[in-house]
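Topology and contacts: notes
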Amino acid sequence: MATAGATGDEQWPMWEVFVRASRGLSHVHAGSLHAPDETMALRNARDLYTRRGEGVSIWVVPASEITTSDPGSKEAFFESPAGKNYRHATYYEKSQGVPHL
Amino acid sequence: MSTTVTSPDDELQADFDALIEAEQRIEPRDWMPEAYRKTLIRQISQHAHSEIIGMQPEANWITRAPSLKRKAILMAKVQDEAGHGLYLYSAAQTLGIARDTMTEQLIEGRARYSSIFNYPTPTWADMGAIGWLVDGAAICNQVPLCRASYGPYGRAMVRICKEESFHQRQGFEILLELANGTPEQKQMAQDAVNRWYWPSLQMFGPPDDESPNSAQSMAWKIKRFSNDELRQRFVGMLVPQFEALGLECPDKDLRWNEETEQWDMGEIDWDEFFDVLKGHGHCNAQRLQHRRQAHEDGAWVREAAAEYARKQSAQLKAVA
Amino acid sequence: MSAETEPSVTVTDVELDAELTSTGLVASADEAEYALRIGDDSLILAQQLGWWISRAPELEEDLALGNIALDLLGHARNLLHFAGTALGKTEDELAYFRDEHEFRSAWLFEQPNGDFGHTIARGLLTSAFQFELYTQLAESSSPGLAGIAAKSVKEVAYHRDHAVQWTLRLAGGTDESRSRIERALINTWPYLDELFRDDELHERFDAAPRPSALREPVMNVLRQVLAEAELDEPKTSESSGDGRHGHHSTYLGPILAEMQVLARRHPDASW
């Protein structure tokens, strides 16, 4: 399932834009735009999403090429971590107060 | 809901209501009531159209800006508006309507946009008045929308509000320069403020008791404050700013009411508002024609780029 | 309600760059004359590109052309400001209160926007020229000019890329777009030659690259682009335009009339 908004029948398709704000950070979804091809999508992203120096690197991905999880099956997808508190450091109370733990 | 039979739709509705109640955001692929979707598409696309049409009254002065610094600021501002239109069209598109469709609706005159942009900008001082009053009112409206229950709309508004923080200030500074300038300049500033003051108050929409859709939008947490509440706040902010500018407020009846703790305002001419809304503003036809012309003149360019992309990907496939 | 009341919307305290790069330096008469030439080029082109904002073929292109116009306006302001230090004038006095014959722009920059194809063709030629010019000028013995050129060349590289990308798309798109870009190149090509003519200023002022030295690198780039787009080099005769000495195309008068009208109506005002 593609991201919402990829209709597939527009003259210029929609692209999702990811921007790295500075070195050391991940690319984060900034928004979307329309462009005829990937070369122009990248340039449009630069003009649209980094006018104020917001980025040092950009990814563009055709919206139709993104695979997303299905919100209808979110329980099956995201239920499992519940009840597995032992994955979190705060679960281990007896070691609280001991230095360097 | 006291019904004992729960259909799948009821369950979905209950999930949706619970998310809204818990101040959670609704995201694009979530189930949502059809009316919620329609309301959002209407509101966000209108908002986007307003940004795009709103470029014109100011673009009108880019070539004549009276200093190079002002020219650069104005260009950057009008350019921002194109960007804001784009952010909003993207947000609307997540609800299942393509930008091409929204553009068609706009240029065919089937979509609404803020009627404020159907007023003309005869002088340079209008650049100041638009920035100070129109952007000021827009920011007042938009800041609470950053918390709108629909995620993409809220996120677009955060970006827009951040970028717009300079729009109102630059407008104020244009007026300040004029107000402290030659007598002719000061008059120009006062005239522009006189022309834009009342329309900017109308931007908050009709009074609460005549605003049919407001209650539902508040319940859905798209809207957070009523039209009249926002208008009150805006006027309250303007009062000291008028003083800083040394310009007169066109509302001679405006005063603080100790009892109600509200601003008592002069009568807003709602007949004029609805008249402009119906298309009888100074510039309705001009604004649409400008947009239509740009769209039609650009058709061959958009087509060429799409065709080039088709050829390129066909070539790539042939090689592979 | 101000933006401050909404936690997700705050006015970020950004450290601001200097708006003009040439601050503090005083230009010589020759530096000023030269800065006016290339500054007027950028000013006139920015003035024309600004018209596109709200009229471009697609919203994304409103943004792109707007960015280019803003870059060029920035270059012009730097150069005019620098020239003004020799002439005792501000950037605005130079932009708004010189008459047509006092401008030094070349005819290529004065050519009208036309359709999008003409704007792209003109942009291809101007950016190819400015790129070579600024690349060489960045090495100039004039610190004022070199500083401005070093900043400008990076931006102009992007302008050139924008023009190249669109030239390829228009040439390789539809039959209509191909014929439009062909026509636009034919109409614009005659104004290249003026950019490569040396004159008396270059005899005495060696801190700027000789225009004649730019001809080959510029033409090489243009020929490469044409080859990639499978377009023929236009066979046109050169225009004898001579903007560097104040003899301008008929387009400049109306451009200046529009640009200067408000400032001149209030000569003593500040804005």
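Each remark here, short or long, concerns the structure printed above.
The notes below deal with the structure included here. The structure displayed is predicted, hence computed values, not measured ones. (Residues numbered from 1 in each chain as written. Chains lettered and ligands numbered in written order. Predicted model: local features only at pLDDT ≥ 70, side-chain atom pairs only at ≥ 80, totals over all residues. Heavy atoms only, no water.)

**Topic: the environment of Asn113(C)**
Residue and element names in this part refer to chain C.
- On the secondary structure map, asparagine 113 appears in the loop between helix 4 (107-110) and helix 5 (116-137).
- Along the backbone, asparagine 113 and phenylalanine 196 are 83 residues apart, and their C-alpha atoms lie at a distance of 23 Å.
- Asparagine 113 has contacts with Gln48, Leu49, Trp51, Trp52, His118, Thr119 and Arg122, leaving out every residue within four places of it along the chain.
- Of note is the side chain of asparagine 113, whose polar atom sits 2.8 Å from the side chain of arginine 122. (Helix = DSSP H or I, 4+ residues; strand = E, 2+ residues; numbered from the N terminus. Contact = heavy atoms within 4.5 Å. Polar contact = N/O pair within 3.5 Å; in protein donor to acceptor, adjacent residues only side chain to side chain.)

**Here's the deal with the interface of chain C and chain B**
- Every contact between the two is made by 57 residues of chain C and, on the other side, 57 residues of chain B.
- Taken over both partners, the interface formed by chain C and chain B buries close to 5,100 Å², and the fraction arising from carbon and sulfur atoms is 66%.
- In this structure, the connection of chain C to chain B is made through 2 salt bridges.
- Residue Arg99(B) is joined to Glu60(C) by a salt bridge in which the shortest nitrogen-to-oxygen separation is 2.7 Å. (Buried area = accessible area lost by both parts, 1.4 Å probe. Salt bridge = Lys/Arg side-chain N within 4 Å of Asp/Glu carboxyl O.)

**Thoughts on the packing of helix 4 (residues 68-93) of chain B against helix 7 (residues 151-179) of chain B**
All names here are of chain B.
- Between helix 4 and helix 7, whose axes approach to 10 Å, the crossing angle comes to 160°. In terms of orientation, helix 4 and helix 7 fall into the roughly antiparallel class. As for the relative orientation of helix 4 and helix 7, their crossing is left-handed in sense.
- Looking at side-chain class alone, the contact of helix 4 with helix 7 contains 12 nonpolar, 3 polar and 8 charged residues. (Axes fitted to C-alpha atoms, helices over the stretch in contact; angles between N-to-C directions. Parallel < 35°, antiparallel > 145°, perpendicular 65-115°, else oblique. Left-handed = near helix turned anticlockwise from the far one by under 90°. Nonpolar A, V, L, I, M, F, W, Y, C, P; charged D, E, K, R; others polar.)

**Focus on the packing of helix 5 of chain C against helix 6 (residues 143-172) of chain C**
All names here are of chain C.
- Closest axis-to-axis distance for the helix 5/helix 6 pair is 7 Å, and the angle between their directions is 145°. The two elements helix 5 and helix 6 meet at a crossing, and its hand is left-handed.
- Residues of the contact of helix 5 with helix 6, tallied by class, amount to 17 nonpolar, 9 polar and 2 charged.

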